Protein chains: 2
Amino acid sequence: MEKKEDRRVTRTRRMLRQALVNLMREKPVSAITVRELCDACEINRGTFYAHYSDVSSLLTSIEEELFEKLQTMLAEISTREMLTQGRAGPAIVTLFEFLKENEDICRMLLCDNGDPAFIERVRAFVRTEVLSDWRQLFSDDGERQEYTLAFLVAGSLGLVQRWLDGGLETPPAGIAQMLTDFITKGVAVLR
Amino acid sequence: MEKKEDRRVTRTRRMLRQALVNLMREKPVSAITVRELCDACEINRGTFYAHYSDVSSLLTSIEEELFEKLQTMLAEISTREMLTQGRAGPAIVTLFEFLKENEDICRMLLCDNGDPAFIERVRAFVRTEVLSDWRQLFSDDGERQEYTLAFLVAGSLGLVQRWLDGGLETPPAGIAQMLTDFITKGVAVLR
DNA sequence: ATGTTAATAAACTGTCTGTTGATTATTTTT
DNA sequence: AAAAATAATCAACAGACAGTTTATTAACAT
């Protein structure tokens, strides 16, 4: 008694998701109407409402799928290993490889016309879950800890966004090592 | 032949700006209608259109004023001084003091329900103008430079956002020094 | 006090939303 | 292959908002 989803349902959802991804290349999600979404993939507007309550609900369903995968991979990253060894572990490389494989959807959600709420959600997860064990390693007081975390998480996300926007030219392993360097050793502008 | 602005015009603009600031505490600008904006400050809807073409145009006029000030202050920051002395110069402290004085509007624009486009604009300015002279100091190759810049700019902005969201408890000079540390020496998790 | 300019009130068209009911088409079941 | 079940379509609806316009009232500068 698992999954028997009507083919029509699958098709409708697939068409709508694809249409949204396409439209989000051009404009922010807040400027996309249910009408043009349905026109774009020739789905009846009434049918849309049989599946989603509004555009942002459709977007959320896409985000949910991606977030669950990201969550798993992010949790695998050993910050302790990163710090003690100074080298990018396999988990972080895997993450960047995943981002590359899902370039389309990742760029859509994380970059320019992306969803600020989703970005904030990722940011919050990284801050609380991934980097939480760092706190034990900190020699700073509590106040500075908070700012340090904010700086690192924002910087890391900025690096990822830059990588995605730049067409992913640098290989995953290279980016992973760079990020590890920045976090553990600073940016080393002066040598 | 300088400035003789009708008091009524001044009042109308002031009311609308204030109403937008208030509404943006609750929801993103994309969810704010001209109607509720006018209702909130008891301005006729027709009057709104005599001044602005839409909500985002009103927002832009607010942003423009802030951006010009930020631009000036950001340009004063000597990155070279920061790097060679390792201490926060007066310009960067002044910037944080300004942010504190304009807490309301800065939080509205830069934080949670802020305007992504405006944030991106600030980010771009810092990247191209403020940190441009850093390139000469870099000993890294061009590719790494780009990522370094992205990391630093995003991290710095994240730090500022965290400071604003946290109620600006840390004094401007303290935050300025912290940012300088992070940029020039890394976050120094391990000592 | 008067001419000028801004704000108001009210109306109108057009677009999008969210919902409904009747009909057609497709899928699944038997 | 026929029947039963379910999904998609079409058309129509009321409600909200966008922009624009016109006549009217109020505030302003001098």
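Please read these numbers as outputs of a predicted model, since none were measured by experiment.

### Some thoughts on helix α1 (residues 7-23) of chain B
Under the 1.5 Å per step criterion, the end-to-end length of α1 of chain B is 24 Å for 17 residues, consistent within 8% with the ideal 24 Å. Where α1 of chain B is buried, its residues contact α2 (34-41), α3 (45-51), α4 (55-76) and α7 (103-110) of chain B.

### A few points about the domain arrangement of chain A
Residue and element names in this part refer to chain A. Entries for chain A in the domain assignment read domain 1 (2-52) and domain 2 (61-188). Of note, the centres of domain 1 and domain 2, computed from C-alpha atoms alone, are 30 Å apart. By the criterion of area lost to domain 2, the three top residues of domain 1 are Arg17, Val21 and Met24, representing 64% of everything that side buries. On the surface where domain 1 and domain 2 come into contact, there are 1 salt bridge. Salt-bridge contacts for arginine 17 lead to glutamate 65; the nearest nitrogen and oxygen are separated by 2.5 Å. Our enumeration of links across domain 1 and domain 2 arrives at 1 residue pair in polar contact (both at pLDDT 80 or more). A per-class count over the side of domain 1 that touches domain 2 returns 5 nonpolar, no polar and 4 charged.

### Observations concerning the protein's contact with DNA strand D
Contacts to DNA strand D come from 19 residues, most closely from Thr12, Asn44 and Thr47 of chain A together with Val34 and Arg45 of chain B. Among atoms of DNA strand D positioned within 4 Å of the protein, sugar and phosphate together represent 63%. Histidine 51 of chain A places a side-chain nitrogen or oxygen 3.0 Å from a phosphate oxygen of DNA strand D. In the environment of DNA strand D, a base nitrogen lies 2.8 Å from a nitrogen or oxygen atom belonging to the side chain of arginine 45 of chain B. Of all the elements in the fold, those that place two or more residues in the surface near DNA strand D are α1 (7-23) and α3 (45-51) of chain A together with α1, α2 and α3 of chain B.

### Quick look at the packing of aromatic side chains
Per the stated rule, a full pass over the model turns up 13 aromatic pairs over all chains. Here phenylalanine 48 of chain B and tyrosine 49 of chain B contribute two aromatic rings whose centre-to-centre distance is 5.4 Å and whose plane-to-plane angle is 85°, an arrangement assigned as edge-to-face. You can call phenylalanine 48 of chain B buried: its relative accessible area is 0%. When the centroid spacing of 5.9 Å and the interplanar angle of 75° are considered together, the rings of phenylalanine 67 of chain B and phenylalanine 125 of chain B count as edge-to-face. Of this pair, phenylalanine 67 of chain B sits in helix α4 while phenylalanine 125 of chain B sits in helix α8 (residues 116-130), and the two are 58 residues apart along the sequence. Classification of phenylalanine 125 of chain B by relative accessible area gives buried; the value is 12%. Aromatic ring contacts, followed pair by pair, group Phe151 and Phe182 of chain A together with Phe151 and Phe182 of chain B into a single cluster. Over the ring of phenylalanine 67 of chain A we find arginine 121 of chain A, and its NZ or CZ is 3.8 Å from the ring centre. A cation sits over an aromatic face here: arginine 162 of chain B above tyrosine 147 of chain A, 5.7 Å from the ring centre.

Scoring rules and cut-offs
- Residues numbered from 1 in each chain as written.
- Chains lettered and ligands numbered in written order.
- Predicted model: local features only at pLDDT ≥ 70, side-chain atom pairs only at ≥ 80, totals over all residues.
- Heavy atoms only, no water.
- Helix = DSSP H or I, 4+ residues; strand = E, 2+ residues; numbered from the N terminus.
- Expected span 1.5 Å × (residues − 1).
- Contact = heavy atoms within 4.5 Å.
- Domains from an automatic or database assignment.
- Buried area = accessible area lost by both parts, 1.4 Å probe.
- Salt bridge = Lys/Arg side-chain N within 4 Å of Asp/Glu carboxyl O.
- Polar contact = N/O pair within 3.5 Å; in protein donor to acceptor, adjacent residues only side chain to side chain.
- Nonpolar A, V, L, I, M, F, W, Y, C, P; charged D, E, K, R; others polar.
- Near = heavy atom within 4 Å.
- Phe/Tyr/Trp six-rings, centres within 6.5 Å; stacked < 30°, edge-to-face > 60°.
- Buried < 20%, exposed > 50% of the residue type's maximum accessible area, 1.4 Å probe, protein only.
- Lys NZ or Arg CZ within 6 Å of the ring centre and 35° of its normal.

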